[in-house]
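Single-letter residue listing:
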Amino acid sequence: MISVAQAIKTVQNNIEPTDSFELIEVSKATGYALFKDVVSKINMPPFRQSAMDGYALCLNDELVYQLIGEVKAGDNAHPILKKGDAVRIFTGAPVPDTANAIIMQERVNVNNSTITIEETPSVNTNIRPLGEQVVKGQIALAKGTTLTPAAIGYLTTLGIEKIEVHKKPSIAILVTGNELVEAGSDLKYGQIYESNAAMLTSALTTLGFQQITNYKVADNYQDTLKVLENIISKHDVILVSGGISVGDYDFVGKALKELEVKELFYKVKQKPGKPLFFGKKEDKVIFALPGNPGAALTCFYIYVQLALQKLSGNLNFSTTRIKAKSESNFIKKGDRAQFLKAIYKMPNVEILEGQNSSMLHTFASGNALVYLSEEKGSININDEVEVILLPII
Ligand code: AMP
Ligand code: MG
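Residues numbered from 1 in each chain as written. Chains lettered and ligands numbered in written order. Predicted model: local features only at pLDDT ≥ 70, side-chain atom pairs only at ≥ 80, totals over all residues. Heavy atoms only, no water.

A. Fine view of helix α1 (residues 4-13). Buried within α1 are the following residues: V4, A7, I8, T10 and V11. Considered in projection along α1, the buried side chains sweep an arc of 160° and stay on one side of the axis. Away from its buried face by more than 90 degrees, α1 exposes A5, K9 and N13. (Buried < 20%, exposed > 50% of the residue type's maximum accessible area, 1.4 Å probe, protein only. Helix = DSSP H or I, 4+ residues; strand = E, 2+ residues; numbered from the N terminus. Arc of directions from axis to C-beta.)

Below is the structure:
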């Protein structure tokens, strides 16, 4: 059994960004990572721009200027200013070549065809220089950058419509268990509604993964072997739910061995989620998650998310970990590291009731996990604790 830290490192060390790319529209690229540097085809700004509503001046030593015209945003106007001339100008408007400072309108007294200022501004005040953000031919955004809303906006300001991004993986979710029935059907004695597929799909789509296919199999070795062989051949990432523990009807481990999936770890010294398997077959990534829903989701956020982000080329994004003051006591039993379902409400965190790995009833209103390392003991109210913020919407 390995530690949480070793397990995280093992995931990091065994996953490389995919070397396949696709050309997609910038407007649809949120969450993708750039496969190549993006070079700007224009200067940004493309012309000297006014940063203020005010007056463009051709500076001289006097405080009174002749008002000779007006330029507003979008105008294709080129008034020529001599020393001592001014034009009315607005934010975003092109600054005439012969103007060398903008003074904001609040600092100006207007009298018919002249304006008076209190103090001469320095050269280039309130002028956004040509190419201030990026110069034509320069790298606008580097390879590997994750496309956030700001990045989408930035690329679009450069007039870029399509970009090459790392392909996102095709993901299979395989749920195992004889007891599982679909929501909508009647529950017979001994049955429960299958929930991990919907839960994991929701977690995946929240992170921007769309290519998801659901499979299910009964607790039967031959069927498990057959379906796993099929989905490993078809998908890049396989998330198995359940059947990886040590019960007589847990066949996933045996089937993965038979299929020569290389085990990178099995069992992590943590609660919940001890029976977690991570392995690879060539480039295919396989996680077998514990069937208990609370444990499956915790393992997803700590390990699967990391693997998927790295696989998709998102190298500079990681789980958000912060420190917060605990509003709750928690008595730790045993020596495993723990991930505790919690609600973070700045600046405090509340540890929820119902920490069993089978439970979702309080996790359902949570937004965070409190991490208690192996070495850490119980938590007292007002202790500073480590909080993992979950990407929940
Ligand atoms: P397992 O890991 O297969 O031993 O399952 C552990 C527990 O999780 C059992 O109580 C299962 O009934 C439950 N479980 C397994 N898979 C699911 C699922 N897909 N949805 C809801 N509960 C599940
Ligand atoms: Mg099972």
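On we go.
B. Representation of the environment of L372. Within the element layout of this structure, L372 appears in strand β25 (residues 368-372). Considered as a pair, L372 and K83 are 289 residues apart in the sequence and their alpha carbons are 69 Å apart. Setting aside residues up to four positions removed in sequence, L372 forms contacts with F330, K332, A337, Q338, L340, G377 and I379. (Contact = heavy atoms within 4.5 Å.)

C. Broad picture of the site of ligand 1. Taken together, 16 residues lie around ligand 1, and E179, E194, S195, G243 and G291 are the ones closest in. G291 is positioned with one of its backbone polar atoms (N or O) 2.9 Å from an oxygen atom of ligand 1. Considered on its own, ligand 1 offers 480 Å² of accessible surface; in the complex 78% of this is hidden by protein. Those elements that provide at least two residues to the shell around ligand 1 are β13 (171-176) and β15 (192-193). For the shell around ligand 1, the residue count by class is five nonpolar, eight polar and three charged. (Near = heavy atom within 4 Å. Polar contact = N/O pair within 3.5 Å; in protein donor to acceptor, adjacent residues only side chain to side chain. Areas by Shrake-Rupley, 256 points an atom, 1.4 Å probe, with all protein chains shown as cover. Nonpolar A, V, L, I, M, F, W, Y, C, P; charged D, E, K, R; others polar.)

D. Just the side chain of K168, in detail. In this structure, K168 sits in the loop between β12 (162-166) and β13. Comment: no salt bridge for buried K168; closest opposite-charge side chain is E22, at 8.5 Å. A polar contact of 3.1 Å, which involves the side chain of K168, links it to the backbone oxygen of G208. (Lys, Arg positive; Asp, Glu negative; His and termini not counted. Salt bridge = Lys/Arg side-chain N within 4 Å of Asp/Glu carboxyl O.)

E. Quick look at the pattern of salt bridges. Going through the model one piece at a time under the given rule, you end up with nine salt bridges. Ionic pairing is found between E25 and K28, a salt bridge with its closest N-O pair at 3.6 Å. In this structure E25 comes out as partly exposed when scored by relative accessible area, which is 36%. Its salt-bridge partner being D75, residue K72 comes within 3.5 Å of it at the nearest N-O pair.

F. How the structure looks around the packing of helix α3 (residues 196-206) against helix α6 (residues 293-311). In contact at an axis separation of 11 Å, α3 and α6 are set at 35° when each is read in the N-to-C sense. Our pair here, α3 against α6, has a crossing hand that is right-handed. Taking contact as the criterion, the partners of N196, M199, L200, A203 and L204 in α3 are, on α6, P293, A296, L297, F300, Y301 and L308. When grouped by side-chain class, the residues that make up the contact of α3 with α6 number 10 nonpolar, one polar and no charged. (Axes fitted to C-alpha atoms, helices over the stretch in contact; angles between N-to-C directions. Left-handed = near helix turned anticlockwise from the far one by under 90°.)

G. Summary view of the nonpolar core. Counting residues in each nonpolar core, the largest one holds 44 residues, and the members touching the most others are L204, F287, F300 and Y303. Put simply, the parts of the chain that give this core at least two residues each are α1, β13, α3, β17 (237-241), β21 (284-289), α6, β23 (337-345) and β25. Among the elements that make up this core, the one with the highest residue count is α6 (12 residues). Beyond its immediate stretch of four places on either side in the chain, Y303 contacts V4, A7, I8, V11, F265, V268, Q270, L276 and F287. If you look at the next biggest cluster of nonpolar residues, it comprises 22 residues, including Y221, L225, L228 and I244. (Core = buried A, V, L, I, M, F, W, Y, C linked by side-chain atoms within 4.5 Å.)

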